[in-house]
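These are the residues of each chain, in order.
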Amino acid sequence: MGGKRYQNLQGYSFLMPALIIIVVFTIVPIAYAFFMMFFKVDILSGSRSFVGLSNFEKLFQDPKFWASFENTFKYVLVVVPIQTIIAMALASILNSRIKFNRTFLTIMFIPTLTSSSAMTLIFMWLFNNNGLVVNMIGNLFGTKILFLSNPDLALTVIMIMNIFSTVPHFMIVYLSGLQDVPDSLYEAASIDGANRFKQFLYVTVPQLMPISFYVVTMGLVGCFQIFDQAFILSNGTGGPQNSTLTFSLYIYQLAFTSNDMGRATALAFILGLIIFTVTFIVNKLLKADKVNG
Amino acid sequence: MRKIAILFAGATLLVGLSACNTSENTSSSSGDEISLAVWGSSPSETEGLERTIASFEKESGIDVNIEVVQDNFQDALTARFAAKNAPDVTYMESSAAPKFINSGVLADISKDIKNQEDFYQPMLNSFRDEDGKLFAVPKDYSTLAMYVNTDILTKAGYKMEDVPTDWEDLVNFAKKLQGKLDNGQSAMIFDTSIARHMSSLIASGLNPVTDDDQANFTSSPKAIAFLQSLVDGKEAGYLHNPSIDLGVDSASAAFGSNKTVIMIEGNWVLSALKQEYADVKFEVLPAPTVNGKKQTMTFNVGYAVSKDSKNKKEAIEFVNYMTGAGLQQWSEISGTLPTRQSVAKKMNVDENPFLKAHVQGAEYGTVWSSGINLPVISTAFDNQFLAALNRDKTVEEAMKDAEKEANDEIERQQ
């Protein structure tokens, strides 16, 4: 049967559906964004004029940019480590053959299955100034903590919410990784006199390194791109006082509220650059390549 | 095997092409059909729209395809225009109109709309550009008025006559009233956004949008004092925000579930109060005067025609019908207020005890629309005023910061 050309044709024909979608919805928009960030673009009429790097200049002078920068980094720095640690700990507890672990697993997984917008509404209901959590704290300690209208706490609610809903997913990933850790390693460690905690620290954690790399990377990317929770919680404004304004939300505001696609794409480029750099550093730190062999 | 592969590749291409083809077909329809973008609204408004459109279709033979955008209408509309896939006719809020007019995506309909002097002129004017060209026609409007829950008021030992008509007295009244209410009830609820307070600020000698489209929040001490009264009321616990403090979705929900005595809201609350909270007893008074001046906000919505519409003639015919011959039918079924004075007279809306205060407001109300920079200016205000309400800043500081925030952003947009 035919030569290489035929095989190529066959291969591409199988790839075609996916390729068309990726080119149309990913490659072309990215290329277009690279082009647009040097222009002042009126998204409504489609008119544009070349402005060079002034979109970036404007962004760096913009206090809202720095607010979103601060919020997003704060968010990533808190959420990623906590969700990784909790996911790993829960997975090893579930793996240690405790009773009803299947039931527990099923219940734990529900938050991941819930859509993030529904989750946000539930949390807003719980944390609003007359909601369950606020009233409970009020009854117990006699002080009313206003989570959603206090700029210092609004972001915390989103953090809690995100940890709550992503931990189960990463827990499952860890659980599958734990099944691959050979029992002989634990046996050897216990002969050497390591207790349960030390076994976890010196056997489980290093063995799970490739999985951790995946979890941390996906966590980072997801956290940097946080949008829907902040959008719903603040009704699209990023308030109170810009405290829930994240990069993605500000990109959205620039594009659709300020009608300025040029600055929006410039900010999207900055966000892409940040995610790339941070992932690169994490890759170096966790030495994922080496662990993977 | 080779044949299968070629066949498959061919099939994929074909499916792709035919998909493009069908979408082409729908957008360039024969001309007997126009598309209309609306936002999802109350059941009575939906019914009113459907039945008025049915009358139009019967009379003109033009089909109207209603596209309901459920959430974030302005953003969705912006995306549709950007994609060159705009609906022929769309709902247009007066506050958003300058942005669309300025971008030149709406059709100039100055000469196509009949009997323009019959409309309430401030509403019509909010859809004009600087040269006076008209780009949309008002279809209905809402104004703010003061709703008083008479059940709780009587229970607290007051009569309707005790409710003051001036803002300063009203705030003092709320203070007294709060002491006689149950736990969890609020004397008065308020909204934090500038869209509800711009007329009060103007009555205090401050126009937040200057003649050259810049923000101004600081030039009037009286305006600061007005905002201070809101902050003080929230701090002392006799003014509440329904969603932040009471944990309900909307002002009408708080009012309907007897959580508040007084609210200053638009006539959009009436359908909820009549249907979902039918046993609530209330009366409607004009919005309170501020510094002795009559004030209220007017929010009006119109129909705009897309400039690139392929069915412009039909679209204009539709707009003329909906804001002309069909206006009364629409207003009656939907319960909205008619934008033509002749229709208002015919419907006797000012004899309805619930609507009277709202209709009177149309004469002196400030239309929520003020140039292309209004979204920037209002965002900055809302953001900073919240800081004042949270006691992170004084009102003076917050307003100074809001003014700077808005003007810096306006400069960046140049």
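Anyway, here's the lowdown on the structure attached to this text. What you are looking at is a predicted structure, and each value in this text was computed from that prediction instead of being measured. (Residues numbered from 1 in each chain as written. Chains lettered and ligands numbered in written order. Predicted model: local features only at pLDDT ≥ 70, side-chain atom pairs only at ≥ 80, totals over all residues. Heavy atoms only, no water.)

### Considerations on the environment of B:D129
Residue and element names in this part refer to chain B.
At step 1: Its location among the elements puts D129 in the loop between α5 (121-125) and β4 (136-149).
At step 2: Accessibility expressed as a relative area gives 22% for D129, which makes it partly exposed.
At step 3: Discounting chain neighbours no more than four positions away, the residues touching D129 are I101 and F135.
At step 4: Among the polar contacts listed, one links the side chain of D129 to the backbone nitrogen of D131, at a separation of 3.0 Å. (Helix = DSSP H or I, 4+ residues; strand = E, 2+ residues; numbered from the N terminus. Buried < 20%, exposed > 50% of the residue type's maximum accessible area, 1.4 Å probe, protein only. Contact = heavy atoms within 4.5 Å. Polar contact = N/O pair within 3.5 Å; in protein donor to acceptor, adjacent residues only side chain to side chain.)

### Things to note about the interface of chain A and chain B
At step 1: Taken residue by residue, the interface counts 36 residues in chain A and 35 residues in chain B.
At step 2: Here chain A meets chain B over a buried area of about 3100 Å², counting both sides, of which 55% is carbon and sulfur.
At step 3: When the buried area of chain A at its contact with chain B is split by residue, A:L44, A:Q241 and A:F256 rank highest and sum to 22% of it.
At step 4: One salt bridge in this structure joins A:D62 and B:R412, with 3.2 Å as the shortest N-O distance.
At step 5: There are 13 residue pairs in polar contact (both at pLDDT 80 or more) connecting chain A and chain B.
At step 6: The set of elements that each furnish at least two residues to the side of chain A that touches chain B consists of α1 (4-36), α2 (54-61), α3 (63-95) and α12 (247-257) of chain A.
At step 7: It is α1(A) that contributes the most residues to the side of chain A that touches chain B, 7 residues altogether. (Buried area = accessible area lost by both parts, 1.4 Å probe. Salt bridge = Lys/Arg side-chain N within 4 Å of Asp/Glu carboxyl O.)

### Quick notes on the packing of helix α2 (residues 43-60) of chain B against helix α14 (residues 327-334) of chain B
Residue and element names in this part refer to chain B.
At step 1: Relative to each other, α2 and α14 sit at 155°, their axes nearing to 8 Å. As summarised for this structure, α2 and α14 are arranged roughly antiparallel, according to the angle between their axes. The element α2 and its partner α14 pack so that their crossing is right-handed. Residues S44, E45, E47, G48, L49, R51, T52 and S55 of α2 form the contact with α14, whose participating residues are Q329, W330, I333 and S334.
At step 2: The class makeup of the residues in the contact of α2 with α14 is 3 nonpolar, 6 polar and 3 charged. (Axes fitted to C-alpha atoms, helices over the stretch in contact; angles between N-to-C directions. Parallel < 35°, antiparallel > 145°, perpendicular 65-115°, else oblique. Left-handed = near helix turned anticlockwise from the far one by under 90°. Nonpolar A, V, L, I, M, F, W, Y, C, P; charged D, E, K, R; others polar.)

### Section: the packing of aromatic side chains
At step 1: One pass over the structure, following the stated rule, counts 38 aromatic pairs over all chains.
At step 2: Ring-pair connections join several aromatic residues into one group, and the members of that group are A:F60, A:F65, A:W66, A:F69, A:F73, A:F224 and A:F247.
At step 3: Of note, A:R48 hangs over the ring of A:F39, and the distance from its end group to the ring centre comes to 5.8 Å.
At step 4: The ring of B:Y91 carries the charged tip of B:K139 above its face, separated from the ring centre by 4.2 Å. (Phe/Tyr/Trp six-rings, centres within 6.5 Å; stacked < 30°, edge-to-face > 60°. Lys NZ or Arg CZ within 6 Å of the ring centre and 35° of its normal.)

### A look at the pairing of strand β2 (residues 63-69) of chain B
All names here are of chain B.
At step 1: Inspection of the sheet shows strand β1 (residues 33-39) paired to β2 by 7 bridges, in the parallel sense. Paired with L36 across the bridge in β2 is I66.
At step 2: Following the chain from β1 across α2 to the adjacent parallel β2, one finds a crossover that is right-handed. (Pairing = 2+ DSSP bridges. Right-handed = clockwise from strand over helix to strand, strands pointing away.)

### Some remarks on the nonpolar core
At step 1: Counting residues in each nonpolar core, the largest one holds 74 residues, and the members touching the most others are B:L36, B:L49, B:F100, B:L106, B:Y147, B:Y303 and B:F318.
At step 2: Ranked by residues supplied to this core, first place goes to helix α13 (residues 312-322) of chain B with 6 residues.
At step 3: Counting residues domain by domain, this core receives three or more from each of domain 1 (31-141 + 299-367) and domain 2 (143-297 + 370-413) of chain B.
At step 4: Those residues within four positions of B:L49 in sequence are excluded, and the remaining contacts are B:L36, B:V38, B:I66, B:Y91, B:Y303, B:M322 and B:W330.
At step 5: Ranked by size, the runner-up nonpolar core spans 68 residues in total, among them A:Y75, A:I158, A:L175 and A:L208. (Core = buried A, V, L, I, M, F, W, Y, C linked by side-chain atoms within 4.5 Å. Domains from an automatic or database assignment.)

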